[in-house]
Each structure stands twice: as structure tokens, then as C-alpha cells.
Amino acid sequence: MSDYKMIPCAHYDYLELACLRSYWLKIELQDGSQCQARAITTQTHADKTEWLVVEHQAGQQILRLDSIIAITPTDPAASFGRVMIASQ
């Protein structure tokens, strides 16, 4: 994968809130795919890449933050709507 591009700091708040509240998210990815998954936590690896850990029917998965275009909570009572995470 290409060099990691940090996401804007303001977007971390939404990811952390999604994890804290265990929101189910519609996640749009750079490769054009989408998935529905529950936000679990974020991680920073030794190479300074940052990841979102999610859980869905197939199990846990980690998504590199700069591969995520947008997240949208599927809970109608969520405290935020669609958030753009990384630029295309």
C-alpha cells in the first residue's frame, strides 16, 4: 500500500465517538467498496499508520484510516451524520 497520509485531526473525534458508542457504520472505502460494521477501537502501529478496528458478520477487520472516505452511523439516534474522513 502507498505511504500513509494522516487524516485531519478533527475527524478522529468522530471515529473515537463511534468506537465509544459502538456505532454500526456504513463505511465507504477508497477502492469504491462499502461495508457495514460496528466500530470497536482505533490503533496506531509501529510504522505510524493508523487503523480502525471494526466487527461485522465475518469477524473483526482493521481498516487503514487513509483508506476510508466516509463513515455514516446507521443508528437514527446517532450524535452525528455522514463524516468525510480522507480525501479521494
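Residues numbered from 1 in each chain as written. Predicted model: local features only at pLDDT ≥ 70, side-chain atom pairs only at ≥ 80, totals over all residues. Heavy atoms only, no water.

Student: Help me out: how do you make sense of the overall build of the protein in this one?
Tutor: Each helix and strand counted, the protein has one helix and six strands in total. Listing each helix as α and each strand as β along the protein from the N terminus yields α-β-β-β-β-β-β. Compactness check: the protein gives a C-alpha radius of gyration of 12 Å against a globular reference of 12 Å for 88 residues, within 12% of the reference. Counting only contacts in the protein whose residues sit at least 6 apart along the sequence, the fraction spanning at least 24 positions is 45%. When the accessible surface of the protein is split by element, carbon and sulfur atoms take 51% of a total near 5,200 Å². Looking at the protein, you have 7 positive and 10 negative side-chain charges, and the mean spots of the two groups are 2 Å apart. (Helix = DSSP H or I, 4+ residues; strand = E, 2+ residues; numbered from the N terminus. Rg over C-alpha atoms; globule rule 2.2 N^0.38 Å. Contact = heavy atoms within 4.5 Å. Areas by Shrake-Rupley, 256 points an atom, 1.4 Å probe, with all protein chains shown as cover. Lys, Arg positive; Asp, Glu negative; His and termini not counted. Charge placed at Lys NZ, Arg CZ, Asp CG, Glu CD.)

Student: Would you explain unusual backbone geometry in this entry?
Tutor: Leave glycine aside and you will find that most residues have negative phi; peptide bonds, for their part, are mostly trans. One non-glycine residue, Ser22, adopts positive backbone phi at about 50°. Here Ser22 shows up in the loop between α1 (9-20) and β1 (24-29). On the basis of relative accessible area, Ser22 is assigned to the partly exposed category, the value being 33%. The backbone of Lys48 sits at a positive phi, close to 75°, despite the residue not being glycine. Summarising the element assignment, Lys48 is placed in the loop between β2 (34-44) and β3 (50-56). For Lys48, a relative accessible area of 63% corresponds to the exposed category. (Buried < 20%, exposed > 50% of the residue type's maximum accessible area, 1.4 Å probe, protein only.)

Student: Just to check I follow, could you spell out the sheet that holds β3 for this structure?
Tutor: Think of a sheet as strands paired side by side through backbone hydrogen bonds, with each pair either parallel or antiparallel. The strand order across the open sheet formed by six strands is β4-β3-β2-β1-β5-β6, and the pairing between neighbours is antiparallel. Every other strand in the sheet has two partners, leaving β4 (59-64) and β6 (83-84) as the edge strands with one partner each. Pairing analysis gives six bridges linking β3 to β4, with the strands arranged antiparallel. Bridge pairing in β4 places Trp51 opposite Arg64. Contacts from α1 reach β1, β2, β3, β5 (68-73) and β6 within the one sheet, and its direction differs from that of β2 by about 105°. (Pairing = 2+ DSSP bridges. Axes fitted to C-alpha atoms, helices over the stretch in contact; angles between N-to-C directions.)

Student: Teacher, can you tell me more about the side chain of Ser67 here?
Tutor: Topologically, Ser67 is positioned in the loop between β4 and β5. A polar contact is formed between the side chain of Ser67 and the backbone oxygen of Arg64, at a distance of 2.6 Å. (Polar contact = N/O pair within 3.5 Å; in protein donor to acceptor, adjacent residues only side chain to side chain.)

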